[in-house]
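Architecture and fold: a report
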Amino acid sequence: MYGHPLRTNPIHRDHGETVLWIRRCRECRALFAPQTSVCPTCTSAELAWMPSSGLGSIVSWRLEHHSVGDNPAEVMPRTIAVVELDDGPWIFTTIDGEVPPPARGSVRVRFLPHVPADGFPVFTVCHAATETTERGQRAAQCANAPTDLVPSLPSALHYDSVWIRAALQQCEVLARADSIDSTSRSVIAFAIRWAPFGGAGARELLVAFGVTRRRFLQKVEDALRPRRADTVTIRGLKRQLQVSLTQAWHSALPPSMPQSVPWR
Ligand SMILES: [Zn+2]
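Conventions used here
Residues numbered from 1 in each chain as written. Predicted model: local features only at pLDDT ≥ 70, side-chain atom pairs only at ≥ 80, totals over all residues. Heavy atoms only, no water. Donors = N, O, S within 2.8 Å, 3.2 Å for Na, K, Ca; no water. Tetrahedral: all angles 85-135°; square planar, octahedral: opposite > 155°, others 65-115°. Helix = DSSP H or I, 4+ residues; strand = E, 2+ residues; numbered from the N terminus. Buried < 20%, exposed > 50% of the residue type's maximum accessible area, 1.4 Å probe, protein only. Pairing = 2+ DSSP bridges. Phe/Tyr/Trp six-rings, centres within 6.5 Å; stacked < 30°, edge-to-face > 60°. Arc of directions from axis to C-beta.

1. A closer look at the coordination of the zinc ion
Around the zinc ion, the protein contributes the donor atoms Cys25 (SG), Cys28 (SG), Cys39 (SG) and Cys42 (SG), which lie 2.3 Å from the metal centre. Coordination geometry of the zinc ion: the 4 donor atoms subtend angles of 103 to 121° at the metal centre, consistent with an arrangement described as tetrahedral. Donor residues for the zinc ion sit on one chain with the sequence pattern C-x2-C-x10-C-x2-C. Here cysteine 42 lies in the loop between strand 2 (31–32) and strand 3 (47–51) and cysteine 25 lies in strand 1 (residues 21–25), a separation of 17 residues in the sequence. Given the relative accessible area of 32%, cysteine 42 is considered partly exposed.

So, in structure tokens, the structure goes:
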């Protein structure tokens, strides 16, 4: 379902990087990340291109060091992030500049046109107050979304935006069933958001939870331990999340990255 956008999207080449292009399903009208080639909702392959507002919020991010040129010792830091676009889709991006600490709340970003990207589209942090919008509204919409259907997780081989969304939905189902408390919920949600990156680093964990990585993983395990009152379905959900998160956080390399990141 996913490929590299610059290789599979002719419009990207024609228009340069003036606009961030996303996809819309011609059948069900749902919006998706640029790499999507088949609609995950209705399985239609009829996807049109449309311009995105280019505004969004950082879901999670990580500083990576990648080699430049032929010398493997020559490395450059680069921030890659999952961004939730105001249009809806979640996409992988490269962030130009520094990302403020998570303690300050949601970080708003915007697409940077005309910046040559050798991987993901480039975004930058919005600093003006006028640039911050909609996040609260969208969060409220998400909270009201029906969750009586238990979502199933897509293949855990790729911890992409589709997987993150499904996993966060599962987390909500657990919370609504009173199977996890609010602390456990934030621990699980954090673990999910960091899964595409092979887990969070020591610094992020210290800032967010004041614990080491080992202690954090213990917290995840405790949060997902079955309770006496849990139904069979809830137990299944917990087990599924536990397996996926353990796999993601213990991988040496971020599982979703190798195919889509050209600089490796
Ligand atoms: Zn569709």
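2. A short note on the pairing of strand 4 (residues 55–67)
Relative to strand 7 (residues 108–111), strand 4 is paired through 3 bridges, and the arrangement is antiparallel. Residue glycine 56 lies in a different strand from strand 7, and its bridge partner there is valine 109. Pairing between strand 4 and strand 5 (residues 75–85): 11 bridges, direction antiparallel. Bridging across to strand 5, glutamate 64 finds its partner in arginine 78.

3. Some details on the packing of aromatic side chains
With the rule as written, the count across this model stands at 9 aromatic pairs. Seen from their ring centres, phenylalanine 92 and phenylalanine 197 are 6.3 Å apart, and the 85° between their planes marks the pair as edge-to-face. Highlighted residues: phenylalanine 92 in strand 6 (residues 90–96) and phenylalanine 197 in the loop between helix 5 (182–194) and helix 6 (202–209), separated in sequence by 105 residues. With respect to burial, phenylalanine 92 and phenylalanine 197 carry one shared label: buried.

4. A closer look at the pairing of strand 1
Consecutive side chains along a regular strand alternate between the two faces of the sheet. Counting buried residues in strand 1 gives 4 out of 5 residues, a clear majority hidden from the surface. Of the strand pairs in this sheet, strand 1 and strand 3 are connected by 5 bridges, and their pairing is antiparallel. Within strand 3, the residue paired with arginine 23 across the bridge is tryptophan 49. Looking at chain direction, strand 1 and strand 2 are connected through 2 bridges and run antiparallel. Counted as the bridge partner of arginine 24 is leucine 31 from strand 2. From the end of strand 1 to the start of strand 2, which pair antiparallel, there are 5 residues, and arginine 29 there has a positive phi angle of about 70°.

5. Observations regarding helix 7 (residues 213–223)
Along helix 7, the residues classified as buried are Phe216, Leu217, Val220 and Ala223. Projection of helix 7 onto a plane perpendicular to its axis shows the buried side chains occupying an angular sector of 120°, all on one side.

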